Amino acid sequence: MKIMTKNTLIGISVLTLVACKKDHPTPEVDTLQKDVIVSLASNVNTYAYNQLASSSNDLYSAIVSFCATPTSEGLTNCQDLWKTTRSIWEQTEGFLYGPVSSDNIDPRIDTWPVDYNALENVLSSSMAFGETEINALDDALKGFHPIEYLLFGQDGAKTFDQFTVREKEYLVALSLNIKTLTAELASKWDVNTNEDYYTYFTAPSTSNPYYQTEKAVYLEIANAMVGICDEVGNGKMSEPFVAQDPSLEESPFSKNSITDFMNNMRSVQNVYLGKFSTDNKGLDDLVKKYNLSLDQTINTKINAAISSLNNISGTFSTAIIDEPVQVQNAIDAIISLQECLETELLPFIQTYVK
Amino acid sequence: MIRFLFFIFVISTILFSCKKPGVIEEYNEQDWMAGGTQTVFEQGSGAYRQTFPTLSGELLATHGTGDAMFEATFVSAPAPKNSGLGPIYNAVSCATCHINDGRGMAPIDGGSSASLFLKLSSSGQDIHGAPNELPGFGVQLQTKAIFGTQAEGDLIVTYEYETGYFEDGTSYELRRPTFTINNPYTSMGSYLFSPRFSRPVFGLGLLEAIPEWAIIANEDNLDVNQDGISGKANYVWDIKNQKTSLGRFGWKAGVPSILQQVAAAYSQDIGMTNFLFPKETSFTQSQYDNLSDENELSDSLLYATAMYIRTLAVPARRNVQDPEVIKGKQLFNSASCIKCHTPKHTTGVNVAFADLSNQTIFPYTDMLLHDMGPNLTDNRPEYLAFESEWRTPPLWGIGLSVAVNNHSFFLHDGRARNLSEAILWHGGEAILARENYRKMSASDRAALLKFLNSL
């Protein structure tokens, strides 16, 4: 009897303990998940958009000054600033979500192809170049590429004395437009403005119309990384390469395409590592915590994508004809990164992010 | 024996004591997965543009091609890439009006409307029952034209603001739009028009896969059950199959298939001729370009775009266990919203396209036409749809509208600035549902809206 009672009591105790035990131990209070989001929002997204706005402002000022007094140095300065601004923009394309997409800013500053017929018609017409007129223009007539076309010329060899009055007026108006739009974009991420996206992004909750959970934020971040790899690997690079047609190349006038692609891959790297100018918390900190080998794989693949682009020695329009192996290798490396992010990083987020 | 029973009792008590009391039983777990197997969990701006999770192989590749086409910006001919825009058009790409695969830019009071266009016609119908074309303008007002060509006219929308009251005395404001066509390129004569605001494009493949019999089963043309709600199918001309078919898409269910919807949009909105619409919209008009470059869009790219739309996944519901959401769901039912916004459908069995086959989905539409009363009446019938009749729009994903497009403008002309205004514009067959909402307490209204935002 005593034994039975003792056994029963032991049984009950065990059952009591086991029955209420949850499947997983209660996680320690861990702020890493949130810290990464805050770090990316501050040090990558907001930081990059502020840089973009500032560089666009510099470009606008340089164009105004060049158009007032055209000089060779002035033109070089404008072309350099176009490339600098372009470089920052391409490094934001790894996070094309939020105001840049939902407020339709992306197509207004970076539409390809340019409508050459319409652009020439605009130049030969008497259309005014006020802000209203530029706003009313189709996307293929404003933003980076029409500015590039006007600054560099069709063959990339335009000289400072070749600018017509109309071209100068159009350039000033276009650069003002891009300055205004990038300032608007930066302001939408500015935590000090009303209804700023930064706060929605960093504070998911059931009443947040954008993100109810941190997992949703992570999925948005990772999907954007996948998206840019897809766009570069399957679109921007493959299309002209498969068709062997340089006229399908983006950024042809400045011969800047390879740099564009590289900056797109750097953008993916920036998001993954959480760095733009300085290294802060990034996705890698979370991945490393649970899966060291996945972290290594992603880092290796990002580096492979960047170095394979580095291996292309010519411009993209010549490389698609003269360096098919290097171009194919770069496409393969980028698609391989895309597949890894899609089939390993996204499931990782589904598993480990709450 | 007693000891054994005691043992059983203790074990039962222990096991059941850990079960949480509560509301979870009241919730039908299935409708988390609004798109059945093709449900995704993304929120934020990418919520509407996710691929079917099950898609693979060639279909996935075609989806990718269609995705690029959906984003592609068209330019005036001749051009090495994406040639063929216009000569008259409303938009340069699909994505212009379906930003992030959702809605377009919100209409601005007094401004040119970017993502809203007017369907036009003259009175009467053609042999298939379609509205007659308006001579000189066709079936849609193209507000843009390539350089050197005149647009058909400019569309300006202005609003009058009116105040109404909930039964608890709280006021609300609605804005009633007026549409004005400025600078028509030629005399318009008398015409009928209907404004149309762009809609999200996800989940359409699943809606297309609902069997026709299941949609017709909910028809009640003569209101036999006397609940004040009829529900009527539209029958429209299927160009590809050259026959009259059930209308499924568009604000008045005037289009039978995704393919035809996409082809019509390429033609009417962008000016890209294709095998279903081989003539320029400006044909017989002064803007016609006389170029023999038809079809500007290849069949394969048209099919790829349609395939892309067909295989866009549906966002999962959110906050489904929130007690206020559950209360809102009950109010949605008891206020009769559910009578037209039918939650559940099952897609047909399709062995040739398993991704669409036999899916239990929760689109919250009956796919039928309903009289929505004089306030929402346009003056342009479309096949069997009268001026006051509109297809019940699906509600799935509606709570993500702000996340995707940074606004919450609803209804066929975007007049409602939020969900509450959209409900308050309901009339006709939906007058009872609207009044039920208007009579709710503030907390009940909030719960109903919270439920809608969980969709």
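Computed from a prediction, not measured in an experiment: that's the story for all the values here.

Enquirer: Would you mind going over the side chain of Glu296 of chain B with me for this structure?
Expert: Residues and elements named next belong to chain B. With respect to the helices, strands and loops of the structure, Glu296 is situated in the loop between helix 6 (258–270) and helix 7 (299–310). Although Glu296 is buried, it forms no salt bridge, and the closest oppositely charged side chain is Lys279 at an N-O distance of 14 Å. Setting aside residues up to four positions removed in sequence, Glu296 forms contacts with Ser83, Gly84, Gly86, Gly271, Met272, Thr273 and Glu280.

Enquirer: Just checking my understanding: could you explain the pattern of salt bridges for this structure?
Expert: A pair can form between side chains of opposite charge whenever their charged atoms are brought close. Scanning the entire structure with this criterion turns up 32 salt bridges over all chains. Asp138 of chain A is the salt-bridge partner of Lys144 of chain B, the closest N and O atoms lying 2.8 Å from each other. Placement of the pair is Lys144 of chain B in strand 5 (residues 144–145) and Asp138 of chain A in the loop between helix 7 (131–136) and helix 8 (144–152), with the two residues belonging to separate chains. Among the residues examined, Lys144 of chain B registers a relative accessible area of 26% and is labelled partly exposed. Arg417 of chain B is the partner of Glu173 of chain B in a salt bridge, and the nearest nitrogen-oxygen pair spans 3.1 Å. Of this pair, Glu173 of chain B sits in strand 7 (residues 171–182) while Arg417 of chain B sits in the loop between helix 9 (401–405) and helix 10 (419–424); the two residues are 244 residues apart in sequence, bridging distant segments of the chain. A relative accessible area of 22% places Arg417 of chain B in the partly exposed class.

Enquirer: Looking at this structure, how should I read helix 8 (residues 323–334) of chain B?
Expert: Note on helix geometry: an α-helix contains 3.6 residues per turn, so any two residues three or four positions apart are oriented the same way. Residues and elements named next belong to chain B. Counted at 1.5 Å a residue, the expected span for helix 8 with its twelve residues is 16 Å, and the 16 Å between its end C-alpha atoms agrees. Along helix 8, the residues that are buried comprise Val325, Ile326, Gly328, Lys329, Leu331 and Phe332. Where helix 8 is buried, its residues meet helix 12 (442–453). The backbone nitrogen of Glu324 lies 2.8 Å from a side-chain oxygen of the residue at the head of helix 8, namely Asp322. A positive phi of about 75 degrees marks Ser336, the residue just after helix 8.

Enquirer: Before we go on, may I ask you to explain helix 8 of chain A in this structure?
Expert: Residue and element names in this part refer to chain A. Taking burial as the measure, the nine residues of helix 8 include nine buried ones, the bulk of the element. Buried within helix 8 we find Phe144, His145, Pro146, Ile147, Glu148, Tyr149, Leu150, Leu151 and Phe152. Check the buried side of helix 8 and you find it contacts helix 2 (32–68), helix 3 (72–90), helix 5 (105–109), helix 6 (116–124) and helix 9 (165–188). Of the residues trailing helix 8, Gly153 is marked for its positive phi of about 80 degrees.

Enquirer: It is not clear to me how the sheet that holds strand 4 (residues 131–132) of chain B should be interpreted in this structure. Could you clarify?
Expert: Strand-to-strand pairing in sheets goes through backbone hydrogen bonds, with the strands running parallel or antiparallel. Residues and elements named next belong to chain B. Strand order in the open sheet formed by three strands is 4-3-8, with antiparallel pairing between adjacent strands. Two strands in the sheet have a free side with no partner beyond their single neighbour: strand 4 and strand 8 (192–197). Two strands pair when backbone bridges link them, and strand 3 (residues 116–125) and strand 8 are joined in this way by six bridges, in the antiparallel orientation. In the strand pairing of strand 8, Phe117 is matched with Arg196.

Enquirer: Hey, could you run me through the pairing of strand 6 (residues 154–165) of chain B in this one?
Expert: All names here are of chain B. Bridge count between strand 6 and strand 7: twelve bridges; the pairing is antiparallel. Directly across from Tyr159, in strand 7, lies its bridge partner Pro177. In this structure, the hairpin formed by strand 6 and strand 7 is closed by a connection of five residues, where Gly169 is found at a positive phi of approximately 95 degrees.

Enquirer: It is not clear to me how the state of the cysteines should be interpreted in this structure. Could you clarify?
Expert: A covalent bond bridging the sulfur atoms of two cysteines is what the word disulfide describes. All names here are of chain B. One pass over the full model with this rule turns up zero disulfides over all chains. Here Cys337 stays unpaired: no disulfide links it, and the sulfur of Cys340, its closest cysteine neighbor, is 9.2 Å away. Overall, the relative accessible area of 13% leaves Cys340 in the buried class.

Enquirer: What's the story with the packing of aromatic side chains in this structure? I'm lost.
Expert: As enumerated under the stated definition, the model contains 37 aromatic pairs over all chains in all. An aromatic cluster is present here, built from Tyr49, Phe95, Tyr97, Trp189, Tyr197, Tyr200, Phe201, Tyr210 and Tyr211 of chain A joined pairwise through their rings. In this structure, Lys158 of chain A is placed above the aromatic ring of Phe163 of chain A, and the distance from its NZ or CZ to the ring centre is 4.1 Å. Above the face of the Trp390 of chain B ring, Lys252 of chain B is positioned so that its terminal group lies 4.0 Å from the ring centre.

Enquirer: Whenever I open this one, the packing of helix 14 (residues 292–310) of chain A against helix 16 (residues 324–352) of chain A confuses me. Can you help?
Expert: The angle between the axes and the distance between the axes are what describe a pair of packed helices. Residues and elements named next belong to chain A. It is at 8 Å that the axes of helix 14 and helix 16 come closest, and there the two elements cross at 155 degrees. Comparing their axes, helix 16 and helix 14 come out roughly antiparallel. Remark: the crossing between helix 14 and helix 16 carries left-handed chirality. On helix 16, the residues touching Leu294, Thr297, Ile298, Lys301, Ile302, Ala304, Ala305, Ser308 and Leu309 of helix 14 are Gln326, Asn329, Ala330, Ala333, Ile334, Ser336, Leu337, Cys340, Leu341, Glu344, Leu345 and Phe348. Across the contact of helix 14 with helix 16, the residue classes tally to 14 nonpolar, five polar and two charged.

Enquirer: I would appreciate a short explanation of the nonpolar core in the present structure.
Expert: One broad rule of soluble globular proteins: the nonpolar side chains tend to lie buried together. In this structure, Tyr170, Phe201, Met237, Leu283 and Leu345 of chain A together with Tyr266 of chain B are the most contacted members of the largest nonpolar core, which totals 166 residues. When residues in this core are grouped by element, the largest group, 15 residues, is from helix 2 of chain A. The residues touching Tyr170 of chain A, leaving out its near neighbours within four places in the chain, are Leu119, Val122, Leu123, Phe129, Ile134, Leu137, Leu141 and Leu150 of chain A. Membership of the second largest hydrophobic core comes to 32 residues, among which are Trp425, Ala430, Ala447 and Leu448 of chain B.

Enquirer: Would you explain the confidence of the model for chain A in this entry?
Expert: When pLDDT drops low, the exact placement of atoms in the prediction is not to be read closely. Confidence in the prediction for chain A averages 91 pLDDT; 92% of positions are at 70 or higher. A low-confidence stretch, residues 9–22 of chain A (pLDDT under 50), is modelled with nine contacts involving residues beyond four sequence positions or located in other chains.

Enquirer: Whenever I open this one, the interface of chain B and chain A confuses me. Can you help?
Expert: A common way to report how large an interface is uses the accessible area buried once the components associate. In this complex, chain B contributes 39 residues to the contact, which on the side of chain A involves 44 residues. At the junction of chain B with chain A, the criterion picks out two salt bridges. Where Glu239 of chain A meets Lys81 of chain B, a salt bridge forms, and the shortest distance between an N and an O atom there is 2.8 Å. The tally of links between chain B and chain A comes to 18 residue pairs in polar contact (both at pLDDT 80 or more). Secondary-structure elements contributing two or more residues to the side of chain B that touches chain A are helix 1 (2–17) and helix 9 of chain B. Its residues assigned to classes, the side of chain B that touches chain A shows 20 nonpolar, 13 polar and six charged.

Enquirer: Got a minute to help me understand the environment of Ala403 of chain B in this structure?
Expert: Locating Ala403 of chain B in the fold gives a position in helix 9. Judged by its relative accessible area of 0%, Ala403 of chain B is buried. When the C-alpha atoms of Ala403 of chain B and Trp32 of chain B are compared, they prove to be 19 Å apart, with 371 residues separating the residues in sequence. Ignoring any residue separated from it by four or fewer positions in sequence, one finds Ala403 of chain B in contact with Ser102, Pro209 and Tyr210 of chain A together with Gly44 and Ser45 of chain B.

Enquirer: Whenever I open this one, the environment of Ile258 of chain A confuses me. Can you help?
Expert: All names here are of chain A. Here Ile258 shows up in helix 12 (residues 257–273). Put simply, Ile258 and Ala319 are 61 residues apart on the chain and 9.8 Å apart in space, counted from C-alpha to C-alpha. Setting aside chain neighbours within four positions, we find Ile258 in contact with Leu309, Ile312, Gly314, Thr315 and Phe316.

Enquirer: When you look at the side chain of Ser194 of chain B in this model, what are you seeing that I'm missing?
Expert: All names here are of chain B. By secondary structure assignment, the location of Ser194 is in strand 8. Looking at Ser194, its side chain comes within polar contact range of the side chain of Arg196, at 3.0 Å. In this structure the side chain of Ser194 is engaged in a polar contact, spanning 2.5 Å, whose partner is the side chain of Asp378. Contact partners of Ser194, with chain neighbours within four places excluded, come to Phe117, Leu118, Lys119, Lys252, Asp378, Arg380 and Trp390.

What counts and what doesn't
Residues numbered from 1 in each chain as written. Chains lettered and ligands numbered in written order. Predicted model: local features only at pLDDT ≥ 70, side-chain atom pairs only at ≥ 80, totals over all residues. Heavy atoms only, no water. Helix = DSSP H or I, 4+ residues; strand = E, 2+ residues; numbered from the N terminus. Buried < 20%, exposed > 50% of the residue type's maximum accessible area, 1.4 Å probe, protein only. Lys, Arg positive; Asp, Glu negative; His and termini not counted. Salt bridge = Lys/Arg side-chain N within 4 Å of Asp/Glu carboxyl O. Contact = heavy atoms within 4.5 Å. Expected span 1.5 Å × (residues − 1). Polar contact = N/O pair within 3.5 Å; in protein donor to acceptor, adjacent residues only side chain to side chain. Pairing = 2+ DSSP bridges. Disulfide = S-S within 2.5 Å. Phe/Tyr/Trp six-rings, centres within 6.5 Å; stacked < 30°, edge-to-face > 60°. Lys NZ or Arg CZ within 6 Å of the ring centre and 35° of its normal. Axes fitted to C-alpha atoms, helices over the stretch in contact; angles between N-to-C directions. Parallel < 35°, antiparallel > 145°, perpendicular 65-115°, else oblique. Left-handed = near helix turned anticlockwise from the far one by under 90°. Nonpolar A, V, L, I, M, F, W, Y, C, P; charged D, E, K, R; others polar. Core = buried A, V, L, I, M, F, W, Y, C linked by side-chain atoms within 4.5 Å. pLDDT = per-residue confidence, 0-100.

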